[in-house]
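Per-entry structural report
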Amino acid sequence: MRISIIGSGYVGTTIAACFADLGHEVVNVDIDEEIVSAINSGESPIHEPGLDDLIATHGGDTLTATTAYDDVLDTEITFLALPTPSREDGSIDTSIIEAAAETLGETLQEKIDDHVVVTKSTVIPTTTNETLAPILEAASGKTLGDDLHVAMNPEFLREGTAVEDFLNPDKVVFGTESDTPRETLHAVFEPLIEETSAPVVETGIEEAEMIKYANNGFLAAKVSLINDIGNICKEYGVDAYEVADAIGLDDRISDRFLRSGLGWGGSCFPKDTAAIKFAARQQGYEPSMLDAATEINDRQPDRLLSLLDSHVDVAGKRVAVLGLSFKPGTDDIRNSRAIPVIEGLNERGANVVAYDPVATENMRERFPDIEYADSPEAALDDASAALVVTDWPEIADLDDEFDTMATPVVIDGRHAIDRRDGIVYEGLTW
Ligand code: NAD
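All of these numbers come straight from a predicted model, not from anything done at the bench. (Residues numbered from 1 in each chain as written. Predicted model: local features only at pLDDT ≥ 70, side-chain atom pairs only at ≥ 80, totals over all residues. Heavy atoms only, no water.)

1. So, the overall build of the protein chain
- Across its full length, the protein chain carries 15 helices and 14 strands.
- At 23 Å, the protein chain has a C-alpha radius of gyration in line with the 22 Å of a compact globule built from 430 residues.
- With respect to the three principal axes, the spread of C-alpha positions in the protein chain is 70 × 45 × 40 Å.
- Considering the protein chain as a whole, with its 430 residues, one finds that 54% of them fall into the buried category.
- For the protein chain, restricting intrachain contacts to residue pairs at least 6 apart in sequence, the fraction spanning at least 24 positions comes to 72%. (Helix = DSSP H or I, 4+ residues; strand = E, 2+ residues; numbered from the N terminus. Rg over C-alpha atoms; globule rule 2.2 N^0.38 Å. Buried < 20%, exposed > 50% of the residue type's maximum accessible area, 1.4 Å probe, protein only. Contact = heavy atoms within 4.5 Å.)

Encoded structure:
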């Protein structure tokens, strides 16, 4: 099939490369010329394990990128994989996806055949039907349900394991309200479903929109609950990881997302919990559980810094921050827990020296004035304390390197480092 994807960021590029690998011809449309030329020359514009290989294999061949919306005209289906960022008040800003829908609609004026437009972005229930569909219909001159169709297909991939997640989904959700978009989505996903036997959930469009928020809200709350329990454990000197290992054996709980520590960040959990809470309040409902999840999450970096304060007065001292991306495997620093940690260190007058294997340049834009080290060893050399923020394998493997510190105080936010003689070790919740 010929498929187009508007937006070539973490989601758009990953699904484009994966669809090409599943045998489709894929056109990726983005406004960023650097992204477009990277894909066409077989290079991944983002750091994501496995993506380089897929783009090297298919880029410039069955996977092409373009800044020209006209290239969607010889495709049957278009996925909108555009940002839906948070506004100051927490609500989602749909202006980018609306603008793209308008341009897509204008482009589709020239298309004689039917076209299916699928919302891949995370959007609040009713956005596809009540905001995007009318824009597409008005701009294209087509008639919804006749030669123009909309659908919602939420995405559950995680940065750091995006390719693996997309190609081995726990579920695929088709939010549709008529046969044409449902059948077209089945045709697109057929090779994936055949290969993986992933369950296909067919729902209405609003249910599909809500499933994505429910998924992320539930997982964010699960992490915050284990962090809450972990904080109580720490007060009693109880190891929260031994506790989590035991409760995770209960299949009603499961052992996934039970690692207490610094909490969640990234482009999805913070934005999505804020957006669904705002939307709930607009409907007159107080989302107390999700409020608590956010509050607990916001507190964890302060708890890490308080543990640091209990060992070292860091004013004027060199402090290593190990890990800057919001999780291992990605260069994405959006809402990374490293940001409040660095802010807290700056407020205390520390000389911050930060290290990350891939996210340094992204963090440099956020904090141009701190020092960035080329290796964890260089960050630790002569430091008075080290804060473990992201559990990259090379950070988790550190051991003798702590011996070069001025004072070997290690405050671990991710249960990454082994406690041993010769270092002053504090785990955030253990
Ligand atoms: P992103 O910021 O990484 O990428 C968006 C891309 O859209 C950028 O390359 C940008 O240049 C491009 N763009 C902006 N305006 C455009 C326009 N008018 N026309 C064409 N291209 C345009 O975003 P993302 O992380 O891929 O997220 C996209 C959506 O998917 C969001 O709604 C997000 O919530 C959702 N989502 C993200 C993830 C994730 O892990 N990142 C997972 C699931 C769902």
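2. Regarding the domain arrangement of the protein chain
- On domain assignment, one finds that the protein chain holds domain 1 (2-203), domain 2 (222-297) and domain 3 (300-427).
- Here domain 1 and domain 3 have C-alpha centroids that lie 37 Å from each other.
- Contacts between the two partners involve seven residues from domain 1 and, on the opposite side, nine residues from domain 3.
- When the two sides are added together, the surface that domain 1 and domain 3 hide from each other amounts to roughly 600 Å², 42% of it contributed by carbon and sulfur.
- Considering only the side of domain 1, the residues that lose the most area to domain 3 are Y10, H47 and E159, jointly responsible for 81% of the buried surface there.
- Applying the counting criterion to the domain 1 and domain 3 interface returns one salt bridge. (Domains from an automatic or database assignment. Buried area = accessible area lost by both parts, 1.4 Å probe. Salt bridge = Lys/Arg side-chain N within 4 Å of Asp/Glu carboxyl O.)

3. A short note on the pattern of salt bridges
- Scanning the entire structure with this criterion turns up 23 salt bridges.
- Linking R182 and D179 is a salt bridge whose minimum nitrogen-to-oxygen distance equals 3.1 Å. Taken together, the residues span about one helical turn, with R182 and D179 both in helix α7 (residues 179-196) at a distance of three residues.
- Counted as one network, the salt bridges with shared partners bring together K277, R281, E286 and D291.

4. Examining helix α2 (residues 33-40)
- Turning to α2, its buried residues number three or more, namely I35, V36, A38 and I39. Buried residues of α2, seen end-on, are gathered within an arc of 165 degrees and therefore sit on one face of the element. Projecting away from the buried face of α2 at angles above 90 degrees are the exposed residues E33 and E34.
- Contacts made by the buried residues of α2 are with α1 (10-21), β2 (25-29), α3 (51-58) and β3 (63-66).
- Between a side-chain oxygen at the N-terminus of α2 and the backbone nitrogen of E34 the separation is 2.9 Å; the capping residue is D32.
- G42, located one to two residues past α2, shows a positive phi value of around 80 degrees. (Arc of directions from axis to C-beta. Polar contact = N/O pair within 3.5 Å; in protein donor to acceptor, adjacent residues only side chain to side chain.)

5. Observations concerning the packing of α1 against α3
- Interaxial distance between α1 and α3 falls to 9 Å at its minimum, and their mutual angle equals 55 degrees. Our classification of the angle between α1 and α3 gives oblique. Along this stretch, α1 crosses α3, giving a crossing that reads as left-handed. Two secondary-structure elements touch here, α1 through T13, T14, A17, C18, A20 and D21 and α3 through L51, L54, I55 and H58.
- Among the residues making up the contact of α1 with α3, the classes are represented as six nonpolar, three polar and one charged. (Axes fitted to C-alpha atoms, helices over the stretch in contact; angles between N-to-C directions. Parallel < 35°, antiparallel > 145°, perpendicular 65-115°, else oblique. Left-handed = near helix turned anticlockwise from the far one by under 90°. Nonpolar A, V, L, I, M, F, W, Y, C, P; charged D, E, K, R; others polar.)

6. Remarks on the site of the ligand
- Close to the ligand lie 26 residues, the nearest being D30, Y69, T84, E159 and K271.
- For the ligand, an oxygen atom lies 2.6 Å from a polar atom in the side chain of T84.
- Taking T122, its main chain carries an N or O atom lying 3.0 Å from an oxygen atom of the ligand.
- In the complex, the protein chains occlude 88% of the 840 Å² of accessible area that the ligand would expose alone.
- Residue composition of the shell around the ligand, grouped by class: 13 nonpolar, seven polar and six charged.
- Each of domain 1 (2-203) and domain 2 (222-297) gives at least three residues to the shell around the ligand. (Near = heavy atom within 4 Å. Areas by Shrake-Rupley, 256 points an atom, 1.4 Å probe, with all protein chains shown as cover.)

7. Focus: the environment of K120
- In this structure, K120 sits in the loop between β5 (115-119) and α5 (127-140).
- Exposure remark for K120: the relative accessible area of 3% places this residue in the buried category.
- Here the alpha-carbon distance between K120 and G237, two residues 117 residues apart in the chain, equals 45 Å.
- Residue contacts for K120: discarding those within four places in its chain leaves V11, I15, F79, L80, A81, N153, P154, E155, F166 and F189.
- Engagement of the side chain of K120 in a polar contact is seen with the side chain of E155, the distance being 2.8 Å.

8. So, the environment of E190
- Here E190 shows up in helix α7.
- The sequence separation of E190 and L22 amounts to 168 residues, and the corresponding C-alpha distance is 9.1 Å.

9. Things to note about α7
- Compared with an ideal rise of 1.5 Å per residue, which puts 18 residues at 26 Å, α7 spans 24 Å between its outermost C-alpha atoms and is within 8% of the ideal.
- Remark: the principal bend of α7, roughly 55 degrees, maps to F189, with a proline, P191, within the next four residues.
- Listed as buried for α7 are P181, T184, L185, V188, F189 and L192.
- Immediately beyond the C-terminal end of α7, within one or two residues, lies S197, with a positive phi of roughly 55 degrees. (Expected span 1.5 Å × (residues − 1). Bend = angle between axes of the 7 residues up to and from the residue.)

10. A closer look at the nonpolar core
- If you look at the biggest cluster of nonpolar residues, it comprises 52 residues, and the most contacted ones within it are L308, L322, L324, L345, M363, L387 and F402.
- Listing elements by their share of this core, those giving two or more residues are α11 (288-309), β9 (318-322), α12 (338-347), β10 (351-355), α14 (376-380), β12 (385-388) and β13 (409-412).
- If one sorts the elements of this core by residue count, α12 sits on top with five residues.
- Setting aside residues no more than four positions away along its own chain, M363 makes contact with L324, I333, S336, A338, I339, I342 and Y372. (Core = buried A, V, L, I, M, F, W, Y, C linked by side-chain atoms within 4.5 Å.)

11. Structural notes on the sheet that holds β13
- The six strands lie next to each other as β11-β10-β9-β12-β13-β14, forming an open sheet whose pairing is parallel. Of all the strands in the sheet, the pair left with one neighbour each is β11 (371-372) and β14 (424-427).
- Where β10 and β11 come together, two bridges link them in parallel fashion. Bridging across to β11, V353 finds its partner in E371. (Pairing = 2+ DSSP bridges.)

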